[in-house]
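Architecture at a glance
What follows is the residue order along each chain.
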Amino acid sequence: MHMILSTLLLSLLGMGIVYGIGKILIRRYVRNSLTGRRQYRSPSLGGFILLGGIAGALLTPGLYVSSKIMAMAAVLACFVILGLIRDLWKTPWSVILPYQFLLIIVGAYFDIVVSYPVRWVEILLTLAWPIIILGCIKLASVIEEMPFLLGIESGLTFLLFFPNQASTPPEVVICTITMITISAVLLCLFVYGQRNVLGNSCLMPLGYLIAGISMLGNSKSLLMFGLLIPSMVVIYPFASICFIIMFSYLGNELYQTDPSARQSHYRWILHRDRVIVFTGMIFLTLNFGGLLLIQHASWPAYISLIILISAMFASFFRTFASRDVVSRPPLGSRIRILGVAIDAITPVVALDRISEAVDSGDVFFHVITADSLAVMRALHDKGFAGIMERANMTVPDGAGLVWSADFLGIPLPGRVPGVALVNDLCCRAVERGWNIFFLGAAPGRADQAVAVLKERYPGLIVAGIHHGFFAEGSELEDLVLKKIAELQPRIILVAMGVPRQELIICRLRGLLRSGIAIGVGGSLDVISGALPRAPVLMQRFACEWLFRLWKEPRRFRRMLAIPEFVLAVLRAKWREVAPKNNRQL
Ligand code: UDP
């Protein structure tokens, strides 16, 4: 007992001292950077706290420290340094991840190879487990307190289970207690406003610590079972985030053929405290269930487990499924999703605005049909963000944007699909006698689309057609743009995909005084019939993107930005609820 107490005291002392040193070091760095060339980035002090806690615990007198634990501490220190490099210099993940993997291999070497005959399953598990946990901790950090809660709760789980395994060395129990203490201190600091503890220098070693202890604490023959218990760390953040998205995504009717029918909008309510209570309940329930299984408990114990699970589900519905009706921002106003401006507009209003611009004849009017991928591109590419900011109108083409606007409590009237806009515009062009230039798509594809449109809208005046397969800055591009400038069409539809079409339109802006240009992506492929539209049911549930992925698997890489977008929206929503203030969102 006195050993546990001295470990606690020493680790608290260590945390205090190293935190202080970290603060001095980081301050010095700030001063230097202001006079020097390097740019100052928000530092993370969590890593120093973690390092101090571990160092303090290792100093406990009388504690037998195994070579495995020393190796784990050394790897942890390297993780802290790696995390600091990422936090301070924003080093790209492509550089950080290989080093991270290298550290995991070093840790695995000390964990298995040094003391056990090598077995492939063990090697794979020892390598895969920290990778999975590190990924989950990063995912969990969307809900900011979550990584620290996971640290505390995983530690408590280990303490429940380790006594059942005779092979668990006592020093691993001490390490677990240290991990709980460190996580609790970090959580307290975060809740009381020290937001700079939440950085990679803290999250990465914390993830490694959870994974390392869970593996050290279990004999190798029990490793598989031992891994099942802390897999809550994996399951919880993933499952809860999927639930949040599913409920908010399917709950609102994102797709309506007539957007004016989408009258009521729901605001999704997140209560920080309830989410945290819910996490606790999941852990308690699963741990309790696990214990019952190990101890071969009698039936009344299983009944109480069922009651606990029911309470957990009740808590789930209270936590994530509560919603509230909100009013829409005024029609035609601009909202911002992750800082990117989107017009709150219906197809009818969009068409009216475009018509006004064509009739006035004295402006060059750029329309962007945006989806979540375009928003993500704007976040990563400043040039493209500038183009989006300067565009005269940005309509929400993708269901992802409508979902995120709902979720953030600034609902859009609905989607303005690019294909529908092209059709409506052609119809109006026939009524008003405007001519249209079609630029983009594969050779021959635009001709097919124009043939379909001419059949649908007899009397359509086509100013010209050209395919979109020419290199950026090529002679052919200059020639095509020159031709368009000479023809001076009233409307130019550019179907070359984001961001190529927007860059072309920017060049056209310099050549033309009036007219409107719209980037319409794959719309000509859809109109020509080469690319089928998603079944109505998929459109209804806003899953067109899934259909597109199925039809064009090469889009997979690009579509990886969709989960990134969803996480960014979740993070934005969570940040709106200040930790000290449990306002509703
Ligand atoms: N495209 C083009 N030139 C290029 C690349 C693509 O004309 O250099 C065409 C392509 O044939 C397709 C259209 O751009 O018809 C839209 O492509 P994508 O579906 O990738 O764009 P998104 O709709 O996602 O913006």
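Above this note sits the structure.
Quick summary incoming for the structure in this document. These figures come from a predicted structure and were not determined experimentally. (Residues numbered from 1 in each chain as written. Predicted model: local features only at pLDDT ≥ 70, side-chain atom pairs only at ≥ 80, totals over all residues. Heavy atoms only, no water.)

Moving on to the overall build of the protein chain. In terms of helices and strands, the protein chain carries 25 helices and 10 strands. Taking the intrachain contacts of the protein chain between residues at least 6 apart in sequence as the baseline, contacts between residues at least 24 apart amount to 78%. (Helix = DSSP H or I, 4+ residues; strand = E, 2+ residues; numbered from the N terminus. Contact = heavy atoms within 4.5 Å.)

Around the ligand, a shell composed of 15 residues is seen, among which Ala441, Gly468, Asp525, Arg548 and Arg555 lie nearest. At 2.7 Å, a backbone N or O of Gly468 approaches a nitrogen atom of the ligand. Against a free-state accessible area of 540 Å², the protein chains account for coverage of 81% of the ligand. Class assignment of the residues belonging to the shell around the ligand gives a composition of 6 nonpolar, 5 polar and 4 charged. (Near = heavy atom within 4 Å. Polar contact = N/O pair within 3.5 Å; in protein donor to acceptor, adjacent residues only side chain to side chain. Areas by Shrake-Rupley, 256 points an atom, 1.4 Å probe, with all protein chains shown as cover. Nonpolar A, V, L, I, M, F, W, Y, C, P; charged D, E, K, R; others polar.)

Within the secondary structure, Phe384 is located in helix H15 (residues 382-390). Exposure remark for Phe384: the relative accessible area of 3% places this residue in the buried category. Placed 118 residues apart in sequence, Phe384 and Glu502 show a C-alpha to C-alpha distance of 8.2 Å. Residue contacts for Phe384: discarding those within four places in its chain leaves Ala374, Arg377, Ala378, Val498, Pro499 and Glu502. (Buried < 20%, exposed > 50% of the residue type's maximum accessible area, 1.4 Å probe, protein only.)

With that out of the way, let us pick up helix H2 (residues 46-58). Taking 1.5 Å as the rise per residue, H2 with 13 residues should run 18 Å; its terminal C-alpha atoms sit 19 Å apart, in good agreement. Burial analysis of H2 places 10 of its 13 residues in the buried class, which makes it a mostly covered element. Looking only at H2, the buried set comprises Gly46, Gly47, Phe48, Ile49, Leu50, Gly52, Gly53, Ile54, Gly56 and Ala57. (Expected span 1.5 Å × (residues − 1).)

Before going further, it helps to examine the sheet that holds strand S9 (residues 491-495). In spatial order, the strands read S6-S5-S10-S9-S7-S8; together these 6 strands make up an open sheet with parallel pairing. In this open sheet, the two strands that pair with only one neighbour each are strand S6 (393-396) and strand S8 (461-466). Ignoring which end each strand starts from, the neighbouring axes of this sheet average 15° apart. Pairing of strand S5 (residues 364-370) with S6, which is carried by 4 bridges, proceeds in the parallel orientation. (Pairing = 2+ DSSP bridges. Axes fitted to C-alpha atoms, helices over the stretch in contact; angles between N-to-C directions.)

The next subject is the packing of aromatic side chains. Ring pairs (aromatic) are described by centroid distance and by the angle formed between their planes. Applying the stated criterion to the full structure yields 3 aromatic pairs. For Lys551, the ring lying beneath its charged end belongs to Trp550, and the centroid distance is 4.8 Å. (Phe/Tyr/Trp six-rings, centres within 6.5 Å; stacked < 30°, edge-to-face > 60°. Lys NZ or Arg CZ within 6 Å of the ring centre and 35° of its normal.)

In this section: the environment of Gly339. Within the element layout of this structure, Gly339 appears in the loop between strand S3 (334-337) and strand S4 (340-343). Counting along the chain gives 40 residues from Gly339 to Leu379, while the straight-line C-alpha distance between them is 8.3 Å.

Time to look at a nonpolar patch on the surface. Judged by side-chain polarity, Leu13, Ile17, Ile21 and Leu25 come together as a nonpolar surface patch covering roughly 380 Å² of accessible area. With respect to the helices, strands and loops of the structure, Ile17 is situated in helix H1 (residues 2-35). Taking relative accessible area as the criterion, Ile17 reaches 49% and is therefore assigned partly exposed. (Patch = residues over 30% accessible without salt bridge, like charges linked within 9 Å, V, L, I, M, F, W, Y side chains within 5 Å. Salt bridge = Lys/Arg side-chain N within 4 Å of Asp/Glu carboxyl O.)

In terms of burial, helix H16 (residues 399-407) is a largely internal element, 9 of the 9 residues being buried. If you check which residues of H16 are buried, you get Ala399, Gly400, Leu401, Val402, Trp403, Ser404, Ala405, Asp406 and Phe407. Phi for Gly409, located one or two positions after H16, is positive at around 80°.

Turning next to the nonpolar core. Core analysis: the biggest nonpolar cluster contains 57 residues, and Ile54, Phe79, Phe148, Leu186, Tyr208, Leu209 and Ile213 have the highest contact counts within it. Of all elements in the fold, only H1, H2, helix H3 (67-89), helix H4 (93-113), helix H5 (120-140), helix H6 (146-161), helix H7 (170-191) and helix H8 (200-216) reach the threshold of two or more residues within this core. Broken down by element, this core gets its largest block of residues, 11 residues, from H8. When sequence neighbours within four positions are dropped, the list of residues in contact with Ile54 reads Ala73, Leu76, Ile182 and Leu209. Counting 37 residues, the second-largest nonpolar core is a separate cluster that includes Leu421, Phe438, Ala446 and Leu531. (Core = buried A, V, L, I, M, F, W, Y, C linked by side-chain atoms within 4.5 Å.)

Further remarks concern the pattern of salt bridges. Following the criterion strictly, the structure yields 14 salt bridges and no others. A salt bridge links Arg334 to Asp343; the nearest nitrogen and oxygen atoms lie 3.2 Å apart. For Arg334, a relative accessible area of 35% puts it in the partly exposed group. Note on Asp343: relative accessible area 1%, which makes it buried. Among the salt bridges present, the one from Glu552 reaches Arg548, with a minimum N-O distance of 2.9 Å. Assessed through its relative accessible area of 10%, Glu552 is described here as buried. Shared partners join several salt bridges into a network, and the residues in it are Asp397, Arg415, Arg533 and Glu544.

The next thing to look at is the pairing of S3. Only one face of S3 is buried: it carries Ile335 and Ile337, and the other face, with Arg334 and Arg336, is open. Here S3 runs beside S4; their pairing, made up of 4 bridges, is antiparallel. The partner of Ile337 across the bridge, within S4, is Val340. Counting the residues that bridge the hairpin from S3 to S4 gives 2 residues, and of these Leu338 lies at a positive phi of roughly 50°.

Here the residue pair Val498 and Pro499 is connected by a cis peptide bond, since its omega of 5° sits within 30 degrees of zero. The phi dihedral of Lys90 is positive, around 50°, even though this residue is not glycine. Note on placement: Lys90 falls in the loop between H3 and H4. Notably, Ala441 is not glycine yet its phi reads approximately 70°, a positive angle. Relative to the elements of secondary structure, Ala441 occurs in the loop between strand S7 (435-440) and helix H18 (445-456). Judged by relative accessible area, Ala441 falls into the buried class, the value being 8%.

In short, geometric facts, not functional conclusions.
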